[in-house]
Amino acid sequence: KSRETADPAAHSSPRPAAVKHHDEATSKKKLCVKAAKEHSIPKDLNKVLENKVMEKVLDLSYVKLSVVEMTCSGDADSEGIVSKSVSSHSDLIPGVYEGGLKIWECTFDLLDYFSEAQIEFTNKTVLDLGCGAGLLGIVALRGKADRVHFQDYNSTVIDEITLPNVVANCINEGRRMGSGKDRKASKPPSKRPRKAEGSPDTLNKCRFFSGEWSQVSQLLLSSTKAFSKYDIILTSETIYNPDNYSALHDTLAQLLDKNGRVYLASKVHYFGVGGGIYLFEKFIEEKNVFRTSTVKTIDQGLQRCIMEIAFKDSC
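Residues numbered from 1 in each chain as written. Predicted model: local features only at pLDDT ≥ 70, side-chain atom pairs only at ≥ 80, totals over all residues. Heavy atoms only, no water.

J.: Would you take a moment to explain the state of the cysteines for this structure?
T.: Covalent bonding between the sulfur atoms of two cysteines defines a disulfide. In total, this model carries zero disulfides according to the counting rule given. Cysteine Cys106 remains unbridged, with the sulfur of Cys305 as its closest cysteine sulfur at 8.8 Å. Free of any disulfide, Cys206 has its nearest cysteine sulfur in Cys170, 5.4 Å distant. Residue classification places Cys206 among the buried positions, given a relative accessible area of 6%. (Disulfide = S-S within 2.5 Å. Buried < 20%, exposed > 50% of the residue type's maximum accessible area, 1.4 Å probe, protein only.)

This is how it looks when you write it as structure tokens:
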């Protein structure tokens, strides 16, 4: 698959590539809804980083995927997504694996936009929806968000990618995130395994969830734990499949605070599955719940956009 960026962490091929038997897989998915699950943070943080090798981009640490592919098996990958993804050479297996092992190009578009637009996270409640590596939520944590929740379709992604990344970055939480220019001139990736030096208070701000969006929403809204809706929802490359638009729209409507904002990064069009920014924008208009605005367009390589979404009657 082509890679149209020099960034070592970014995957710029359309997410996903053309998928065989898409209709068949989609119909099977409808018969088997992926239940939501909350993932606890282990007391021994060294176990979270055990067998992990970290790389860096934008002064953010992230798990080296090739090492995960070699070491993740058995109970650590109960869903079997690592082996299935490797054996099928696929970045997406509908209803089984939704691409969270990789860091996708639009993630970096959104990170750059945070800096350019001076998005304020201080004291905000934030959801990183379809989080994958969790870099968006990690930057919100560094921006002094009050609470940050991370959600991905796959539990293996949360346990083997997201949680280790959050732990690794919380250890040195005082360091500042670099700019897009710094990314290109950054130091070579560190290959050494990380050791946790304690449980920073920052981790107490975090919760981690896996499962389908509708199920995660239901879990949060019906939980006995205190829950307040999100001031900011961050999501990147989650609108590639039009079959999922209704669930995504409903999740945003249920979980966003009445005056909250969604920042969504996407390619203009995803070849092979037909989704994209204009199709999703049209879907939102027809629902008549949110207003949208395209706040940034990126023309290098495949055209990409960042969209801001808010309730029509919000401030």
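J.: Hey, could you run me through the nonpolar core in this one?
T.: Generally speaking, soluble globular proteins have nonpolar side chains that are buried together. In terms of nonpolar packing, the biggest core is built from 54 residues, with Leu111, Phe114, Phe121, Leu135, Phe150 and Val166 touching the most fellow members. Looking at this core element by element, the count peaks at nine residues for helix H7 (residues 155–171). Counting 26 residues, the second largest nonpolar core, distinct from the first, contains Leu129, Val262, Ile284 and Phe311. (Core = buried A, V, L, I, M, F, W, Y, C linked by side-chain atoms within 4.5 Å. Helix = DSSP H or I, 4+ residues; strand = E, 2+ residues; numbered from the N terminus.)

J.: Mind showing me how you'd approach the pattern of salt bridges here?
T.: Side chains that differ in sign of charge can pair as their charged atoms come close. A full pass over the atoms with the stated rule returns 13 salt bridges. Between Arg304 and Asp109 there is a salt bridge, with its nearest N and O atoms 2.5 Å apart. Pair noted here: Arg304 is in strand S10 (residues 304–311) and Asp109 is in helix H5 (residues 105–117), with a separation of 195 residues, a long-range link. Here Arg304 matches Asp109 in class, with each residue buried. Lys296 is paired through a salt bridge with Glu116; the nearest N and O atoms lie 2.8 Å apart. One end of the pair, Lys296, is in strand S9 (residues 290–298); the other, Glu116, is in helix H5, and 180 residues separate them in sequence. (Salt bridge = Lys/Arg side-chain N within 4 Å of Asp/Glu carboxyl O.)

J.: Which parts of the structure should I look at to understand the sheet that holds S9?
T.: Backbone-to-backbone hydrogen bonds join strands into a sheet, with any given pair of strands oriented parallel or antiparallel. Pairing within the open sheet is mixed, and its eight strands lie in the order S1-S6-S5-S4-S7-S8-S10-S9. The two strands at the open ends of the sheet, each matched to only one other strand, are strand S1 (37–39) and S9. Across the sheet, the mean angle from the axis of one strand to that of its neighbour is 20°, orientation sign disregarded. Bridge analysis of strand S5 (residues 147–152) against strand S6 (residues 206–210) gives five bridges, and the strand direction is parallel. Residue pairing for S6: Gln151 is matched across the bridge by Phe209. Lying on the sheet, helix H11 (residues 277–287) is in contact with strand S8 (256–267), S9 and S10; it crosses S10 at an angle near 15°. (Pairing = 2+ DSSP bridges. Axes fitted to C-alpha atoms, helices over the stretch in contact; angles between N-to-C directions. Contact = heavy atoms within 4.5 Å.)

J.: Hey, could you run me through the packing of H5 against helix H6 (residues 135–142) in this one?
T.: Helix-helix packing is described using two parameters, namely the angle between the two axes and the distance between the axes. The N-to-C vectors of H5 and H6 enclose an angle of 20°; their axes lie 10 Å apart at closest approach. As judged from the angle between their axes, H5 and H6 are roughly parallel. Here H5 runs over H6; the crossing is right-handed. From H5, Thr107, Phe108, Leu110, Leu111 and Phe114 reach across to H6, where they touch Leu135, Leu136 and Val139. For the contact of H5 with H6, the class distribution of residues is seven nonpolar, one polar and no charged. (Parallel < 35°, antiparallel > 145°, perpendicular 65-115°, else oblique. Left-handed = near helix turned anticlockwise from the far one by under 90°. Nonpolar A, V, L, I, M, F, W, Y, C, P; charged D, E, K, R; others polar.)

J.: In this structure, what is going on with H6? I would like to understand it.
T.: Two residues of an α-helix separated by three or four positions point the same way, owing to the 3.6 residues in each turn. The buried fraction of H6 amounts to eight of the eight residues, a majority that puts the element mostly inside the structure. Every buried residue belonging to H6 is among Leu135, Leu136, Gly137, Ile138, Val139, Ala140, Leu141 and Arg142, and all of these are buried. In the stretch just after H6, Lys144 is the one whose phi turns positive, near 70°.

J.: In this structure, what is going on with the side chain of Ser155? I would like to understand it.
T.: With respect to the helices and strands, the residue Ser155 is situated in helix H7. Contact partners of Ser155, with chain neighbours within four places excluded, come to His39, Glu79 and Ser210.

J.: Is there a simple way to think about the packing of H6 against H7 in this case?
T.: The contact between H6 and H7 brings their axes to 10 Å, and the two run at 25°. Accordingly, the angle class assigned to the pair H6 and H7 is roughly parallel. The way H6 lies across H7 gives a crossing that is right-handed. Where H6 abuts H7, its residues Ile138, Leu141 and Arg142 lie against Asn165, Val166, Asn169 and Cys170. Its residues assigned to classes, the contact of H6 with H7 shows four nonpolar, two polar and one charged.

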